[in-house]
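# Descriptive structure summary
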2 protein chains.
Amino acid sequence: MDSDYGIPRELSPLQKERALYQPGLPPCLQGTTVRVEYGDATTASDPAGAHVISRAFPHTYGQPLAHFLRATAKVPDAQIISEFPIIRVGVVFCGRQSPGGHNVVWGLYDAIKAHNRKSVLLGFVGGTEGLFAQKTLEITDDILSSYKNQGGYDLLGRTKDQIRTTEQVNAAMATCQALKLDALVIIGGVTSNTDGAQLAETFAEQNCSTKVVGVPVTLNGDLKNQFVEMNVGFDTICKVILGEEVAASKLTIFDLAQQICDAVQARADIGKNHGVILIPEGLVESIPELYALIQEIHGLHLKGVSVENISSQLSPWATALFEFLPPFIRKQLLLHPESDDSAQLSQIETEKLLAQLVESEINRRLKEGIYKGKKFNAICHFFGYQARGSLPSKFDCDYAYVLGHVSYHVLAAGLNGYMATITNLKSPVNKWKCGAAPITAMMTVKTRGPSSRQIGKPAVHPATIDLKGRAYELLRENATSCLLDDIYRNPGPLQFDGPGADSKVVSLSVEDRDYMGRIKLLQEYLDKVNSQCYLYLVILLFLYYHFL
Amino acid sequence: MDSDYGIPRELSPLQKERALYQPGLPPCLQGTTVRVEYGDATTASDPAGAHVISRAFPHTYGQPLAHFLRATAKVPDAQIISEFPIIRVGVVFCGRQSPGGHNVVWGLYDAIKAHNRKSVLLGFVGGTEGLFAQKTLEITDDILSSYKNQGGYDLLGRTKDQIRTTEQVNAAMATCQALKLDALVIIGGVTSNTDGAQLAETFAEQNCSTKVVGVPVTLNGDLKNQFVEMNVGFDTICKVILGEEVAASKLTIFDLAQQICDAVQARADIGKNHGVILIPEGLVESIPELYALIQEIHGLHLKGVSVENISSQLSPWATALFEFLPPFIRKQLLLHPESDDSAQLSQIETEKLLAQLVESEINRRLKEGIYKGKKFNAICHFFGYQARGSLPSKFDCDYAYVLGHVSYHVLAAGLNGYMATITNLKSPVNKWKCGAAPITAMMTVKTRGPSSRQIGKPAVHPATIDLKGRAYELLRENATSCLLDDIYRNPGPLQFDGPGADSKVVSLSVEDRDYMGRIKLLQEYLDKVNSQCYLYLVILLFLYYHFL
C-alpha cells in the first residue's frame, strides 16, 4: 500500500494544466535573506484561561509573535538569518483531506532547497501512523510534479490524525530523534495544531532538539482567530459547496421540524411548492437532547462498551429518545468517533431525520386541512465529502504554497510550537504579510463541552459563527425574504483562468481580521512616539473603532 | 407564480461573466440568405418498423433530409429563402431541465429578429401547462439578458412535459391557432420529440398551419442516432458528474450484490479497504426481477389502483419480492411515474439497496472468516439532480445557440415534424454542418418494453450503449485493472476560460456519428458519377469500413 504514495500519476487535462501553475511569493520572502522581527510576549486570547495554559505549557507559553520582513527592511532590532546549514525536516498530513495540503509541502520543499540544496524534506507516508512507524518518503522535484496544485492528500496519505497519547507522543519523538529531524511540520486543523503545541512542549521539556511548526489547513473554515485570518481550504470550499447556516437557539429536533413545516406551509400558501433548506453537518450536536444522547453514547464508547451493548446501558431518558429515532439514525449514532472525539457527525444523516419528521407532520396537517399545498417530498443531498478532493482554488494554491515557505522560515528561525501565519489575505499576494504566532496564544480553556476529556484542557477550539457580527445581523434582517422569496445564488464551478479565477471569500473583506498587521502597525507607531501613555490609549481606541 | 418567469435576476460574478459570452455561428448561417438543399426521402432507421410508422404518420413520414448551405454555395437544386415575412413562433421547454435550454431560445430569437424585426417569439410559461393554457411571455432582449449561457429552465419553466392525450393535443392546437403561430418549437428529449412528431402529424392532418420543430436538449445523452450526433446538455454533464456504466448481463440483484462483495473481498486481500462503485440511475430497470416488479406496479398504476392498495394486488411472486425489499425501497417503488412512463427511477435509491445487501453479505463472510478486511461501510452519493442546473459548458452554449438558429431556418423553410440537427460537432463551430431530419426517420417500434402502452407504437427511443462498440470493448479489456487497481480520474470543475474550456466529450471523436455529412458527401459523389450502380456499392462499403 505504501508504494502508492508519491508515485507519478496520470492526470486529466485540467489537472495537467493546473500542475503547471506557479504561485508567486510576497516580497518579504523573495531572495534568500529574511529578517525576523519579534513582538512582545504573547498571552492567551481569553485571560480566564491564561493561568491554566501557562501551567500546561511552561516551556512554550508566552513566546513573542514573529514577523518576517525583507532583508532590506529598516527595522533595527530584526534578526537577520544569513546562515543556512543543512537541515532535515519532516512533514505530516494530520486531519482529513483539504484542498491546498499538497502546496504546503511544495512551498516548504522549495524554501528548504532554495536555502541549501543538501537539506532534506521527508514526508511521513500514511499520516501519523507513518510518523510513529518512521515510514518516510524523501520529497523530490520528480515526486512533486504530479501533485502541485492538486487536491486531496494522495502524495503522503493520512490515517489516525492524532499525536496525543503518551505512546503516540513518545513514538513521534523517537522518530524525530532517529531521523535527526531539525523540525517537524504538521499540516492540519484545530485538533492537530493543539496536538502540535503539546508535542512542542514535550520536546522542549525533554530536550529533544526538533522544533514543531503547525500550518493551518482544514476544510472546516473554523481555524481562524486573531492571528489566523482563514485556514487553507476554505476558499475552495466556498466555491464548491454552498455555505453553512447556524442553528444556535437550542431548539429541540421537533421544534426544528415544526419550523420547517411552517416554512413549507407559508411558501405553499403563496404558490411555491419548492424550497431549499441548508443543514450544517454538525447540527445534531447543536440540538440539546441529541447532544445529551451523543454525550452519553460517547461516554460509553470511552468506557470500552461495545457498540452492541451501548443501547442497553443508556439512561432511561436517553433510551426513550434513542428508541424513538428511526433505525438508520440509531445505527449512525453508534458509529465509532472521529479523531477529534466528536461522533461521526458526517455519518449522521440529520437531513434524512428531519425530512422524515417534516413529512409526517405535513401529512398530518394535510389530513386536517391546515396544509393545502402539494404532497411533500424531500430530496436530500449530502455534500460533506464532496469538496475534500477538489482541485484547490487559485487562492488556496497561493496561500498554501506561501505558507509552506513561511513554515520554513519559522523553523529556520529556531521557533518551536508556532503556527505559520499570513495576514492581509484580502490583498494580492505581493501585499501579504508573513509571520508566526505561538499556538498556545490561540488556546482557550473550556468549562463545558461534548467530551469530558476536553473540559479544563487548553486547546485551539474551532471558531464559531459570531452571532453579534455584521454578517449574521444581515442574515437576520433578510430572514423573511429568504423564507418566502426565491433567493438562490449559483457561484458556478471553480474557475482557474479568466475573470472568475481571482475572486475570494467575501468574509475575508467583511471581517477584517488582520490583527497581526494592526499589532505591528501599532508597535511601529508606539516606537516613534516613545510610548506616551495617552496616545497609546487614543490609538488603541481608534484602531478598535476603525478596524474591528 | 407566473410573475417569476423572465424577470431579470441577480447573477453571481461568474454568471455575469458568462452572460456576456457570445457564441459564434457557422458560415452557412451567417448573413440573412440561406440555401436549403433537400436529400432523398427518408425511411425508418429500422426497416422492420417502417410500415407501422408510415401508417401512423401518413402526412409526415418519408420527408427528405434538409441541409442548410451558405447563399453562395454552388448547389443548383437548392432552394434560396430570400423572403422574410413577419412570423409568429412559440417555444416551449418540454422535459426536465438541461444545460443549454436557454441558449436555444436565445439563438431562435436572434435568428427570427435578424430576418424580420417585426416577427415575434412567444415563450410558453410553465412548460406544457402554459402551452395548453395559452400563457405566454414575449421574448425580448431585456428578458434574455440575464438568462444567456445560464443553466436551468428558469426563463420559462416546465411542468408536465407531455403533449400526448387527445385533450393535450387539442389544447396545444387551440393555442397555436388562437395565437396565430407559424411554428411551435419544442425543446426536449426523446419523449418530447416523439410527442412533437405526433403533434406535427395531427396539425398536418387537421390543416392547422403551425409547423412543429424539435430541438434535441436533454441531460441523459440518449438522444443520438444517425442524424443526431449528440444532444445539447451531454457535454456539460460529462464535465460535472463522472459517467455511467452499463449492467446488461441480466443478473439478479443478489448476483450483483455477490459480485460487489467479491470485488470488496479481492481488494481487501491486497490491502485496499476502499473503492468506488458507479451505479447508473436506471439500474433497477435492468435487473430482471425488479423490472418485472416495476412493470406489475406500473400496470396497477395505469389501472387507477391507488398507491395504498397496490401491494395487496401484486401477483404472489411479485409480493414475495416486494415484501423482501427494505421499507424505503418499497415506498420508492410505489411513487407515481414520470412523464415518460417509467417509474421514478431517480427516486429509487438503488445504491442504498445494494449497500444494504452488500453489508449483510460482507458481515456474514466476516463471521465465517472468508472476508478478512476492515468492517464494510458504504457512503452513498446520489448525483442525479446535481447537474441539471449547471452553467452550460462553452460547447453546449455554442451548440444550443446555433441549434436555435437552425430551428428558425427549419420553420422558415416551412418544414413540419423535423428536428434541427448539427453534425461534425467534433470540429470547431465554423466547420459545423446544419440541417434537419424528419423525427419519424428516428423512430423505431418496440415489440417489448416496460410499459405495454409503448409496445407497437412508433417512438424515438433512448440510445443504449453499444455493447459491441469500441468504447465498451476497451472497458471490458480493462475490467480487471479497474477492479483491483486505483484508476481514478478527476476531470476537475467545468472551465470557461483558458486551455480547459474547449475540451469536448471523448465519444464525439471516438464514435464518428456524422451520418448526415457522409450521406451528403455520398450524394454529391453520386451526382458527379451519374449513379453508376457498381461505384455506389464500392463507395458505400468504403464509407462503412472507413467511418462506422
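All figures in this text were calculated on a predicted structure; none of them were measured in a lab.

So, on to helix H6 (residues 166-178) of chain A. All names here are of chain A. The end-to-end C-alpha distance of H6, which contains 13 residues, comes to 18 Å, matching closely the 18 Å that a straight helix rising 1.5 Å per residue would cover. Within the span of H6, buried status applies to Gln168, Val169, Ala171, Ala172, Met173, Thr175 and Cys176. Along its buried surface, H6 packs onto strand E5 (120-124), helix H4 (127-133), strand E7 (183-188) and helix H7 (190-205). One or two positions beyond H6, positive phi appears at Lys180, with a value near 50 degrees.

With an axial shift of 0.1 Å and an RMSD of 0.1 Å, the rotation relating chain A to chain B amounts to 180 degrees. Expressed as a symmetry operation, the mapping of one chain copy onto the other fits a two-fold axis. Mapped onto chain B, 100% of the interface residues of chain A are again interface residues, and the two copies thus contact each other with one and the same surface.

This part takes up the domain arrangement of chain A. In terms of domain boundaries, chain A breaks down into domain 1 (27-238 + 388-455) and domain 2 (243-386). Between the C-alpha centres of domain 1 of chain A and domain 2 of chain A the distance comes to 37 Å.

Moving on, we come to the packing of helix H3 (residues 101-115) of chain B against helix H16 (residues 394-412) of chain B. Residues and elements named next belong to chain B. Viewed as axis vectors pointing N to C, H3 and H16 meet at an angle of 45 degrees, and their least axial separation amounts to 7 Å. One element, H3, and the other, H16, form an angle in the oblique class. Once H3 is placed against H16, the crossing between them reads as right-handed. Here Asn103, Val104, Trp106, Gly107, Leu108, Asp110, Ala111, Ile112 and His115 of H3 lie close against H16, whose contacting residues are Cys397, Ala400, Tyr401, Gly404, His405, Ser407, Tyr408, His409 and Leu411. Here the residues of the contact of H3 with H16 are counted per class, giving 10 nonpolar, 7 polar and 1 charged.

Turning next to the environment of A:Asn424. Residues and elements named next belong to chain A. Examined against the element boundaries, Asn424 turns out to sit in the loop between strand E9 (418-423) and strand E10 (433-438). Relative accessible area serves as the criterion here: at 11%, Asn424 is assigned to the buried category. Measuring from C-alpha to C-alpha, the distance between Asn424 and Glu229 comes to 8.0 Å, with 195 residues separating the pair along the chain.

On the surface, a cluster of negative charge is contributed by A:Glu17, A:Asp497, B:Glu17 and B:Asp497. As for its placement among the helices and strands, B:Glu17 is situated in helix H1 (residues 13-19).

Let us look at the environment of A:Leu29. Residue and element names in this part refer to chain A. You can see Leu29 is positioned in the loop between helix H1 (13-19) and strand E1 (34-41). Judged by relative accessible area, Leu29 falls into the buried class, the value being 3%. The spacing of Leu29 and Phe254 is 225 residues in sequence and 55 Å in space, taken between C-alpha atoms. Those residues in contact with Leu29 that sit more than four places away from it in its chain are Val34, Phe68, Val402, His405, Val406, His409 and Cys434.

With that settled, the discussion passes to the pattern of salt bridges. One pass over the structure, following the stated rule, counts 18 salt bridges over all chains. The salt bridge involving B:Lys331 is made with A:Glu359; its shortest N-O contact spans 3.2 Å. Of the two residues, B:Lys331 is situated in helix H14 (residues 327-333) and A:Glu359 in helix H15 (residues 350-367); the pairing between them involves two chains. Between A:Lys394 and A:Asp502 there is a salt bridge whose closest N-O contact spans 3.4 Å. Taken together, the residues A:Lys394 in helix H16 (residues 394-412) and A:Asp502 in the loop between helix H18 (479-484) and helix H19 (506-510) connect sequence positions 108 residues apart. Here the salt bridges share partners, and the residues they tie into one network are A:Asp262, A:Glu361, A:Arg364, A:Arg365 and A:Glu368.

All names here are of chain B. Taking strand neighbours across the sheet as the criterion, the 10 strands line up as E3-E1-E2-E10-E9-E8-E7-E4-E5-E6 in an open arrangement whose pairing is mixed. Every other strand in the sheet has two partners, leaving strand E3 (79-81) and strand E6 (136-138) as the edge strands with one partner each. Averaged over neighbouring strand pairs, the angle between their axes works out to 30 degrees when direction is ignored. Taken together, the 6 bridges between strand E1 (residues 34-41) and strand E2 (residues 64-70) define a ladder with antiparallel strand orientation. Across the sheet, Val36 pairs through a bridge with Phe68, a residue of E2. H3 rests against strand E4 (88-93), strand E5 (120-124), strand E7 (183-188) and strand E8 (211-216) of the sheet, and its axis sits at about 175 degrees to E4. Of the strands in this sheet, E7, E8 and strand E9 (418-423) touch helix H7 (residues 190-205), which is tilted by about 170 degrees from E8.

Right, let's get into the sheet that holds strand E3 (residues 79-81) of chain A. Residues and elements named next belong to chain A. Reading across from one edge, E3-E1-E2-E10-E9-E8-E7-E4-E5-E6 is the order of the 10 strands in this open sheet, with mixed pairing throughout. Both edges of this open sheet fall to E3 and strand E6 (136-138), since each of them pairs with a single strand only. Each strand of the sheet is rotated relative to its neighbour by a mean of 30 degrees, with strand direction disregarded. Across 5 bridges, strand E4 (residues 88-93) lies against E7 in parallel orientation. Across the sheet, Val91 pairs through a bridge with Val185, a residue of E7. Here H16 sits on the sheet in contact with E1, strand E2 (64-70), E3, E4, E7, strand E8 (211-216), E9 and E10, set at roughly 135 degrees to E9.

Parameters and conventions
- Residues numbered from 1 in each chain as written.
- Chains lettered and ligands numbered in written order.
- Predicted model: local features only at pLDDT ≥ 70, side-chain atom pairs only at ≥ 80, totals over all residues.
- Heavy atoms only, no water.
- Helix = DSSP H or I, 4+ residues; strand = E, 2+ residues; numbered from the N terminus.
- Expected span 1.5 Å × (residues − 1).
- Buried < 20%, exposed > 50% of the residue type's maximum accessible area, 1.4 Å probe, protein only.
- Contact = heavy atoms within 4.5 Å.
- Least-squares fit on C-alpha atoms with pLDDT ≥ 70 in both.
- Domains from an automatic or database assignment.
- Axes fitted to C-alpha atoms, helices over the stretch in contact; angles between N-to-C directions.
- Parallel < 35°, antiparallel > 145°, perpendicular 65-115°, else oblique.
- Left-handed = near helix turned anticlockwise from the far one by under 90°.
- Nonpolar A, V, L, I, M, F, W, Y, C, P; charged D, E, K, R; others polar.
- Patch = residues over 30% accessible without salt bridge, like charges linked within 9 Å, V, L, I, M, F, W, Y side chains within 5 Å.
- Areas by Shrake-Rupley, 256 points an atom, 1.4 Å probe, with all protein chains shown as cover.
- Salt bridge = Lys/Arg side-chain N within 4 Å of Asp/Glu carboxyl O.
- Lys, Arg positive; Asp, Glu negative; His and termini not counted.
- Charge placed at Lys NZ, Arg CZ, Asp CG, Glu CD.
- Pairing = 2+ DSSP bridges.

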